[in-house]
Amino acid sequence: MPEPLTKGEILSLYQKIKSAITVRQVGEMYGMEPDRHGMVCCPFHSDSDPSMKLNDTYYYCFGCGANGDAIDLTAKLFDLNPRQAAEKLAHDFGLDPDKPPANAIALPPPKRGLTDEQWADIAYCLRVLTDYLDLLHDWQERYKPATPEEPHDPRFEEALHMTETIEHLTDCVAFGTPQQKATAAAQLLSGSYLLMLEEAKKRDHRKIGKEMGLFMTDDLVGRGLPMFLPAGYTVWQELENYIKEKERARGYLHVMTPCIGTVNLYKTSGHWDHYRENMFPAMEMEGESYVLRPMNCPHHMMIYANRPHSYRDLPMRIGEIAHDFRYESSGTLKGIERGRHFCQNDAHLFCTPEQIKSEVADVCNLIFEVYKDFNITDYRCVLSLRDPADKKKYHDDDAMWNHAEQALREVLTELGIHFTEEIGEAAFYGPKLDVNVKPAVGAEYTLSTCQLDFCLPAKFHLTYVDKDGSEKTPVVLHRAILGSLDRFMAYLIEETKGKFPTWLAPVQVKVLPVSEKTLDYAEGVTEKLVEAGVRVVLDDDNQKIGYKIRAAQQVDRVPYMLVLGAKEAEAGNLSVRDRKGETTTMGVDEFIAKV
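In short, a report on the structure. Please read all numbers here as calculations on a predicted model, not as lab measurements. (Residues numbered from 1 in each chain as written. Predicted model: local features only at pLDDT ≥ 70, side-chain atom pairs only at ≥ 80, totals over all residues. Heavy atoms only, no water.)

A look at the sheet that holds strand β9 (residues 379-385)
As a reminder of what qualifies: Whether two strands pair depends on DSSP finding at least two bridges between them. Each helix is a run of H or I in the DSSP string that is no shorter than four residues. Each strand is a run of E no shorter than two, and both are numbered from the N terminus. We call two residues in contact when some of their heavy atoms are within 4.5 Å. To get an axis, a line is fitted to the C-alpha atoms, and for a helix only the part in contact is used. The angle between two axes follows their N-to-C directions and goes from 0 to 180 degrees.
Strand order across the open sheet formed by eight strands is β3-β7-β8-β15-β12-β11-β9-β10, with mixed pairing between neighbours. The sheet is open, and its two edges are formed by β3 (253-254) and β10 (420-423), each paired on a single side. With five bridges joining them, strand β12 (residues 445-453) and strand β15 (residues 475-484) adopt antiparallel strand pairing. Pairing of Thr 449 across the sheet is with Ala 480, part of β15. Contacting β9, β10, β11 (432-437) and β12, helix α15 (residues 398-414) crosses the sheet at an angle of about 155° to β9.

Some points on the packing of aromatic side chains
Keep this limit in mind: Note on aromatic pairs: the rings of Phe, Tyr and Trp (six-membered ring only in Trp) are paired at centre separations within 6.5 Å, and the planes decide the class, stacked below 30 degrees, edge-to-face beyond 60, tilted for the rest.
All told, the structure shown has 12 aromatic pairs when counted by the stated rule. Consider the rings of Phe 374 and Trp 503, whose centres lie 5.8 Å apart with planes at 55°: the pair is tilted. Here Phe 374 is found in the loop between α14 (356-373) and β9, whereas its partner Trp 503 is found in the loop between α17 (485-496) and β16 (509-513), with 129 residues between them in sequence. Here the aromatic residues Tyr 242, Phe 374, Phe 488, Tyr 491 and Trp 503 are joined through ring pairs into a cluster of three or more.

Observations regarding the side chain of Glu 337
Note the cut-off: Note on classification: 1.4 Å probe, protein chains only; a residue is buried when its accessible area is under 20% of the maximum for its type, exposed when over 50%, partly exposed between these limits.
Its place among the elements puts Glu 337 in the loop between β7 (316-325) and β8 (341-351). Under the relative-accessibility criterion, Glu 337 is labelled buried at 14%. Excluding anything up to four places from it in sequence, Glu 337 contacts His 205, Tyr 445, Arg 487, Ala 490 and Glu 494.

Details of the sheet that holds strand β4 (residues 260-262)
As summarised here, the arrangement of the three strands in space is β4-β6-β5, forming an open sheet in which the pairing is antiparallel. Where the open sheet ends on each side, the last strands, each with one partner, are β4 and β5 (283-285). Each strand axis lies, on average, 35° off the axis of its neighbour in the sheet, ignoring direction. In the sheet, β4 pairs with strand β6 (residues 288-292) via three bridges, with the strands oriented antiparallel. When the bridges of β6 are listed, Ile 260 appears paired with Leu 292.

A few points about the packing of α14 against α15
Put simply, the rule is: Put simply, angles under 35 degrees are roughly parallel, angles over 145 are roughly antiparallel, angles from 65 to 115 are roughly perpendicular, and the rest are oblique. Here a crossing is called left-handed whenever its near helix is offset anticlockwise from the far helix by less than a right angle, and right-handed whenever the offset is clockwise.
Remark: α14 packs on α15, axes separated minimally by 10 Å, with the N-to-C direction vectors making an angle of 60°. With respect to each other, α14 and α15 are oriented oblique. For the pair α14 and α15, the sense of crossing is right-handed. Facing Ile 356, Lys 357 and Val 360 of α14, the residues of α15 in contact are Leu 408, Val 411, Leu 412 and Glu 414.

In structure tokens:
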């Protein structure tokens, strides 16, 4: 990795070269056509500046890309690090460190309210980050597996993860919204990006998942196909039980449907025309084509169509924890946060037009109730709309879209839900409410969704008999509260650093006998806890008690440790140690009631 410039050096050289040399002059000096680098983006240009034109020179860039300003361009042309590029420019253009150049062109970038010193600090931070990115890309090339079958070197995975984190920060400064730019600039100015990188590494659900034995991946099974180990599947099942109980209390009917369907099923729904690039290839069998399902709505439409319905049957709420498969590109795969197989907390609500508002309200109430249970507070609501110009991605029916978008907009407004609107983010069949969460580390993503659909019920010819005896088409709400259980679990791992709440922890209690003399007592306590339904593990390894406590606390991350020595065995009670390191003495029955 190139030696980063010291802060004093980078500030001095940046200021001098920035005020003296344009990208055009660099091109002319080294025999390049000016238009080759004509469209250089300055990420901090004024919003009112027309189309980033040239004014005898180019806009300066603060190192967000390798062809940004004069230093970056020179570094790219001659394969130099920033220090070497700055020194070469100073030499070739005859810059005197103590005198301003005669041919200086004053074109300082707009500041957005920050001082010259602050922008210089940002330039320095971005320059150092770019150096790190160079190193990380070298690591990826050096340590990447020769074939897909080879196991990945941990350094390759770490380089990928660190690259994602750094590129997100620099992209925010360069191309983000004003809020994202301000946040990223503040991080850079405070130096908190280094803390963020360290925090990201600590919280990475892939790292924690491996330490705790929650899930595994293996290229022999397939990339993007994680397998849940006993501890991880325990968490998964608890999440499934939790959300199903919530849904049953609201009148949901749970079903189970197959993981594949015919291609004709997805042609009927429209997925084959609008979503095929995200689906696995079709399989031919006995003259018919089948495909792994990317989502579950077509199956649930067929369940509704299985028998006639009256308006008295509605709303009808069909739910499923469903296995889905999507062909995600390998570069987007990330542990259980994003894979090619996942399980959706999916449901489809069939209702009359008059019931739309009450059903959307009930879905929103369930979302916010779940978020309260899990202490999720950093989120925002987005009304995702179609792009009218994109006829390929979206079902082509302007009247339907206008009606659906306005209906959902009005319902959200009446419910008092604050939301922003984003064009081009709707499902191909209808608009949706997306609830985007901001995780502890990284960019926001959608966790929960509620989609309003007038399209698929018509495609599947779904009907109900209304009060006046006429046949009408129901409206469908597609909704997911936890999103996919896999992604929700990844979110929780990174939020809690693997320290799940007691009810969700794969191991709630670890029994730690101090020595073999208290092993019999520890076994008896463990047996009572098992009988009471507590998830407990007895650590009977011949290790010192300090080692056992550290393993339980730092690796297994259990909520409670029972340290049982001669005193506890004699008194018949427990020494209970929690995650905070606080120790309490209590009886077995008292502790069982607590857990």
